[in-house]
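Listed below, chain by chain, are the residues.
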Amino acid sequence: MNPDIEKVLVSEEEIAAANKRLGQQLTADYQGKNPLFVCILRGAAMFMMDLIKHVDIPLEYDFMDVSSYGGENTVTTGDVRIIKDLDTSLRDRDVVIVEDIIDTGYTLDRLIELFKTRHANSIKIVSFLDKPSRRIKHVHVDYNGVKIPDEFVVGYGMDYDERYRNLPYVGVLKQEIYSTK
Ligand code: PRP
Ligand code: MN
Ligand code: MG
């Protein structure tokens, strides 16, 4: 295990099981719809690439980069910036927003408002992790991976100051990693 990690919250085995379950649900629900999966960079990149291997129907995907946390901050500012927009039109599409984590809900709340103005046929959300204790904006998550307690997590796409995204599991950092920065 990475020496900066205090404990593993979601193991590789649990991640694989969640992806399989979510993929099967999406496969059943989107038969014949050619959904557009929208990956919210950068955190959701690893999750989406694993998830769609289990979605056994024709689909398309695109990427959007938004950011709510800056640099070393571990709390959101509520300010969601679009850094890279989609290249694909959402008009009449069945959109599946793919997120790694829903925390305060600001990011998804803003994205849903924005996507509604683009005339999607439907908009649903799949989030790998859910941290319900921190919710400020009450966004409905249609497909949920794993609920976690109120701890700052890294790995499986998620970063602290852009590091640790490549860990294959979700973990909690040792306290000294934050305090020595
Ligand atoms: C993180 C995470 C979600 C969002 C969740 O992204 O990946 O997108 O914050 O927080 P919220 O529910 O409080 O809005 P971040 O802005 O850190 O960018 P990143 O994915 O590039 O790390
Ligand atoms: Mn993100
Ligand atoms: Mg981040």
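Only a predicted model underlies this, so the values are computations on that prediction, with no experimental measurement involved.

## Brief notes about the nonpolar core
(1) Moving on: Formed by 42 residues in total, the largest nonpolar core has its most connected members in Val 38, Phe 47, Val 96, Ile 97 and Val 98.
(2) Moving on: Among the elements that make up this core, the one with the highest residue count is strand 5 (residues 94–102) (six residues).
(3) Moving on: What Val 98 contacts, discounting residues up to four positions off in sequence, is Phe 37, Val 38, Cys 39, Ile 40, Ala 44, Phe 47, Met 48, Leu 51 and Val 126.

## With respect to the site of ligand 1
(1) Moving on: Ligand 1 sits among 18 residues. The nearest are Arg 42, Gly 43, Asp 103, Thr 104 and Thr 107.
(2) Moving on: If you list the elements that add at least two residues to the shell around ligand 1, you get strand 2 (36–41), strand 5 and helix 3 (106–116).
(3) Moving on: By residue number, the principal contributor to the shell around ligand 1 is strand 5, which donates four residues.
(4) Moving on: Residues that form the shell around ligand 1 fall into these classes: six nonpolar, seven polar and five charged.

## Digging into the confidence of the model for the protein chain
(1) Moving on: Confidence in the prediction for the protein chain averages 93 pLDDT; 93% of positions are at 70 or higher.
(2) Moving on: Two summary scores accompany this predicted model of the complex, namely pTM at 0.94 and ipTM at 0.97.

## Thoughts on helix 1 (residues 12–29)
(1) Moving on: Over its 18 residues, helix 1 extends 26 Å from the first C-alpha to the last, a length consistent with the 26 Å expected when each residue adds 1.5 Å.
(2) Moving on: When we look at burial in helix 1, the residues that qualify are Ile 15, Ala 18, Asn 19, Leu 22 and Leu 26. The buried residues of helix 1 occupy an angular sector of 100 degrees when the element is viewed end-on, so they sit on one face. Across from the buried face of helix 1, at angles greater than 90 degrees, the exposed residues are Glu 13 and Ala 28.
(3) Moving on: Where the residues of helix 1 are buried, they touch strand 1 (5–10), helix 2 (45–51), strand 5, strand 6 (122–130) and strand 7 (143–147).

## Side note on the sheet that holds strand 1
(1) Moving on: Ordered in space as 1-9-8, the three strands form an open sheet in which the pairing is antiparallel. Every interior strand has two partners, whereas the edge strands, strand 1 and strand 8 (153–154), have only one.
(2) Moving on: Relative to strand 9 (residues 170–173), strand 8 is paired through two bridges, and the arrangement is antiparallel. Bridge pairing in strand 9 places Val 153 opposite Val 172.

## A closer look at the pairing of strand 9
(1) Moving on: Strand direction decides the pairing type here: strand 1 and strand 9, joined by four bridges, are antiparallel. When the bridges of strand 9 are listed, Val 8 appears paired with Gly 171.

Definitions and cut-offs
Residues numbered from 1 in each chain as written. Chains lettered and ligands numbered in written order. Predicted model: local features only at pLDDT ≥ 70, side-chain atom pairs only at ≥ 80, totals over all residues. Core = buried A, V, L, I, M, F, W, Y, C linked by C-beta atoms within 7 Å. Buried ≥ 20, exposed ≤ 12 C-beta atoms within 10 Å, placed from the backbone. Helix = DSSP H or I, 4+ residues; strand = E, 2+ residues; numbered from the N terminus. Contact = placed C-beta atoms within 7 Å. Near = placed C-beta within 6 Å. Nonpolar A, V, L, I, M, F, W, Y, C, P; charged D, E, K, R; others polar. pLDDT = per-residue confidence, 0-100. Expected span 1.5 Å × (residues − 1). Arc of directions from axis to C-beta. Pairing = 2+ DSSP bridges.

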